[in-house]
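Now for the letters of each chain:
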Amino acid sequence: MVTSADVRSHASRDSCWVIIDGNVYDVTDFLDHHPGGANTILRHAGKDATAEYEPVHPEGTLDAHLPKDKHLGPVDFTQERESEKAAPTPSIDKKPSGPKQNPLSVLQNLDDFEIEAQKVLPEKSWIYYSSATDTLSSHTNNRVAFSKVSLRPRVLRNVARISLQKTIMGFRSSLPVFIAPAALAKLGHPDGELCLTRGAARYNIPHCPSTYSSISHAELAKCLQSEQEAVGNKRGTLFFQLYAPINKREGALKHIADAKRLNFTALVVTVDSAVIGKREEDERYKARLDHDSGIVFQANSSPDPDPNLDRPVPRGAHSSTLEWDDLIWIREAWGKDRPVVLKGIATVEDVVEAAKRRVDGVYLSNHGGRQLDYVPSSLHTLLEIRLFHPELFDKLDIYVDGGFRRGTDVIKALCLGAKAVGLGRPFMYSLTGYGTGGVCRAIEILSDEIQTSMRLMGVTNVDQLDMSYVNTALLELEMPRLHNLRLQGKL
Ligand code: HEM
Ligand SMILES: Cc1cc2nc3c(=O)[nH]c(=O)nc-3n(C[C@H](O)[C@H](O)[C@H](O)COP(=O)(O)O)c2cc1C
């Protein structure tokens, strides 16, 4: 037993203890390895951190990541007067009761879910879901690109019966759409990612949970299985999104082994996150909390980095040393039978690189505008491939995400050659407050929009969609220019 007075006396960066669920943990050495940042924990140093910890970590996190000798045992309050007990950190982030969410039947499009989510999400969670990097240029590009591609509908065709089925990373999906990896779904609903797995299974589309799922991957696999047993059918599938951890190979191999054991059917390796982007809204909010908790401000990066010093990489929550050659052992560990896809590619050159490696697909993405600023939308990169290296579409499968909100957005990407489209924030917003029902309604709306637009375009099968159905002249104006000749192999 550890007394709560003891816990209170370990409240600094040099010695940091926290209480979680009645047990005391020494997290001093872990501070600089915490993917959510050291200050996130330091704010609770010497206190009860359960209320902050619980909604963002799956069961078993402490057992899996904190060495046993740092589990100091249950906290003993008996030697204290009631008034001295280590109280939970005061809840700094409760949403004052505001307007109620509209019934799901009233919502008409995926943007409506964003409005409803903002009504109920506490400020910190809203910022986490909605924020993007630096000037928001990458984030804005994602939406703006859709307005630069118009549709070219054909008429007088029988469009009564249509098919939306697509094979996505080896899985025959009912829609050309999947749920993109997004961490911490429990911020939006206590069932967290379970809502996404259930919704995806019920509509027979894939769900790709994040490495940082707030529900454990094992629970998601169990959830999928029980959804499938309920209908006596193999509906839905789970893909595994992999961030290579700081200890790269060792950590990644452990994730891959878990993914295989739990029967995840594709491995999606995120490659755009050597460091975490500078999401200013997030950082401003956390800096305010730090200031209020008396944490002394420290700049993120040294103004004069010394390449010879072996220090943790600033903003380096995951491996910053992942390279193309690492794909060899990743493929070996994952095996040949199930697809490996690289997520976070933004240039045609990197698609060429990927095609030389043994990967099954690339997933064009600027991470919803959350990583590097001024990165093109995935629609833009698709067009680059189409113009400069169209043969790549035959060599590997190309998936996309970023700013997709409408059925017509999905159709445009399919016309340019994408196999399927991922959506991140819309599904996080859809589960917020509404749970599984919200996710189901979001999928229904998207499916309805895709079907309606296809019929109005004179198309009965998603595989018929090609460049003849779009006018890309405006977006073509933005293609890299001086670069063109090199891209075409003429320089
Ligand atoms: C021991 C006390 C811990 C506390 C108080 C704590 C608290 C938090 C909080 C509040 C967040 C949300 C993000 C933020 O507000 O910055 C977070 C994120 C996270 N934590 Fe912890 N955590 C603890 C331990 C751990 C452990 C042992 C792990 C295991 C690796 C872990 C992994 C993560 C991950 C992966 C994220 C998500 C990062 C992201 O996507 O931004 N945490 N943590
Ligand atoms: C709240 C949030 C968390 C995310 N977490 C992850 C993650 O853990 N892994 C990852 O590869 N991408 C992550 N992403 C990026 C998404 O997979 C996806 O690329 C992006 O959300 C697509 O843009 P959209 O939100 O406009 O649909 C996250 C995005 C958001 C909004």
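Conventions we followed
Residues numbered from 1 in each chain as written. Chains lettered and ligands numbered in written order. Predicted model: local features only at pLDDT ≥ 70, side-chain atom pairs only at ≥ 80, totals over all residues. Heavy atoms only, no water. Helix = DSSP H or I, 4+ residues; strand = E, 2+ residues; numbered from the N terminus. Rg over C-alpha atoms; globule rule 2.2 N^0.38 Å. Buried < 20%, exposed > 50% of the residue type's maximum accessible area, 1.4 Å probe, protein only. Contact = heavy atoms within 4.5 Å. Areas by Shrake-Rupley, 256 points an atom, 1.4 Å probe, with all protein chains shown as cover. UniProt positions renumbered as here; feature names shortened; annotations may be inferred. Pairing = 2+ DSSP bridges. Near = heavy atom within 4 Å. Polar contact = N/O pair within 3.5 Å; in protein donor to acceptor, adjacent residues only side chain to side chain. Nonpolar A, V, L, I, M, F, W, Y, C, P; charged D, E, K, R; others polar. Domains from an automatic or database assignment. Core = buried A, V, L, I, M, F, W, Y, C linked by side-chain atoms within 4.5 Å. Donors = N, O, S within 2.8 Å, 3.2 Å for Na, K, Ca; no water. Tetrahedral: all angles 85-135°; square planar, octahedral: opposite > 155°, others 65-115°. Arc of directions from axis to C-beta. Right-handed = clockwise from strand over helix to strand, strands pointing away.

Let us now look at the overall build of the protein chain. Tallying secondary structure elements over the protein chain gives 20 helices and 16 strands in all. Here the protein chain has a C-alpha radius of gyration of 24 Å; the compact-globule value for 491 residues is 23 Å, and the two agree. Taking the principal axes of its C-alpha atoms as reference, the protein chain extends roughly 85 × 55 × 40 Å. Residues counted as buried form 52% of the 491 residues belonging to the protein chain. Taking as baseline every contact in the protein chain between residues at least 6 positions apart, the subset at least 24 positions apart corresponds to 76%. Accessible surface, the protein chain: about 23100 Å² in total, of which carbon and sulfur atoms supply 52%.

Further remarks concern the UniProt feature "domain: Cytochrome b5 heme-binding" (unreviewed entry) in the protein chain. Per the UniProt record, "domain: Cytochrome b5 heme-binding" (unreviewed entry) is found at residues 1-76. Along residues 1-76 one finds 25% helix and 21% strand; the C-alpha atoms at either end are 6 Å apart.

The sheet built from four strands is open, its strands ordered S1-S4-S3-S2 with mixed pairing. Bordering the open sheet on either side are strand S1 (2-3) and strand S2 (17-20), each of which pairs with just one other strand. Where S1 lies against strand S4 (residues 71-76), two bridges are found, and the strand directions are parallel. In the sheet register, threonine 3 faces S4, and the bridge partner there is aspartate 76.

Now for the site of ligand 1. Around ligand 1, 21 residues are found, and the nearest of them are His34, Thr40, His57, Tyr212 and Lys286. The separation between an oxygen atom of ligand 1 and a polar side-chain atom of threonine 40 is 3.0 Å. Sort the elements by how many residues they give to the shell around ligand 1 and helix H4 (residues 61-65) lands first, with three residues. Counted by class, the shell around ligand 1 contains 12 nonpolar, six polar and three charged residues. Residue contributions to the shell around ligand 1 reach at least three from each of two domains, namely domain 1 (2-84) and domain 2 (104-291 + 315-477).

Further remarks concern the environment of leucine 383. Counting through the fold element by element, leucine 383 comes out in helix H14 (residues 378-388). Placed 66 residues apart in sequence, leucine 383 and glutamate 449 show a C-alpha to C-alpha distance of 23 Å. In contact with leucine 383, other than residues within four places in its own chain, are Leu416, Met467, Thr472, Leu475, Glu476 and Met479.

Of all hydrophobic cores here, the largest spans 97 residues; its most connected members are Leu267, Val351, Leu364, Leu379, Leu382 and Ile398. Here the element with the most residues in this core is helix H18 (residues 436-457); it accounts for eight residues. Residue contacts for leucine 379: discarding those within four places in its chain leaves Ala145, Phe146, Val149, Lys412, Ala413, Leu416 and Leu475. Formed by 15 residues, the second largest nonpolar core is a distinct cluster that contains Tyr25, Ile41, Leu42 and Tyr53.

By definition of the ideal shapes, four donors in a tetrahedron about a metal sit 109.5 degrees apart, and six donors in an octahedron sit 90 or 180 degrees apart. For the iron atom of ligand 1, the full set of protein donor atoms is His34 (NE2) and His57 (NE2), and the range of their distances to it is 2.0 Å. Geometry at the iron atom of ligand 1 is octahedral, judged from the six donor atoms that bind it and their angles of 84 to 178° at the metal. Of the two residues, histidine 34 sits in the loop between strand S3 (23-26) and helix H2 (38-42) while histidine 57 sits in the loop between helix H3 (50-53) and H4, which places them 23 residues apart along the sequence. Residues histidine 34 and histidine 57 agree in their burial class; the two are buried.

Turning our attention to the site of ligand 2. What surrounds ligand 2 is a group of 23 residues, the closest being Pro181, Ser210, Thr270, Asp401 and Gly424. Note that an oxygen atom of ligand 2 is positioned 2.6 Å from one of the backbone N or O atoms of proline 181. In this structure, glycine 424 approaches ligand 2 through a main-chain N or O atom, which is 2.9 Å from an oxygen atom. The fraction of the free accessible surface of ligand 2 (600 Å²) that becomes covered by protein chains is 99%. Elements that contribute at least two residues to the shell around ligand 2 include exactly helix H6 (123-130) and helix H17 (425-431). Broken down by class, the residue content of the shell around ligand 2 amounts to nine nonpolar, nine polar and five charged.

This part takes up helix H13 (residues 348-356). Residues Val348, Val351 and Ala354 constitute the buried set of H13. Angularly, the buried residues of H13 cover 110° about the axis, an arc narrow enough to put them on a single face.

Now for the pairing of strand S14 (residues 397-401). Where burial is concerned, most of S14 is hidden: four out of the five residues are buried. With four bridges joining them, strand S13 (residues 361-364) and S14 adopt parallel strand pairing. The residue of S14 that forms the bridge with valine 362 is isoleucine 398. With three bridges connecting them, S14 and strand S15 (residues 420-423) associate as parallel partners. In the strand pairing of S15, aspartate 401 is matched with glycine 422. Where the polypeptide runs from S14 across helix H16 (residues 407-416) and back to S15, its parallel neighbour, the crossover connection is right-handed.

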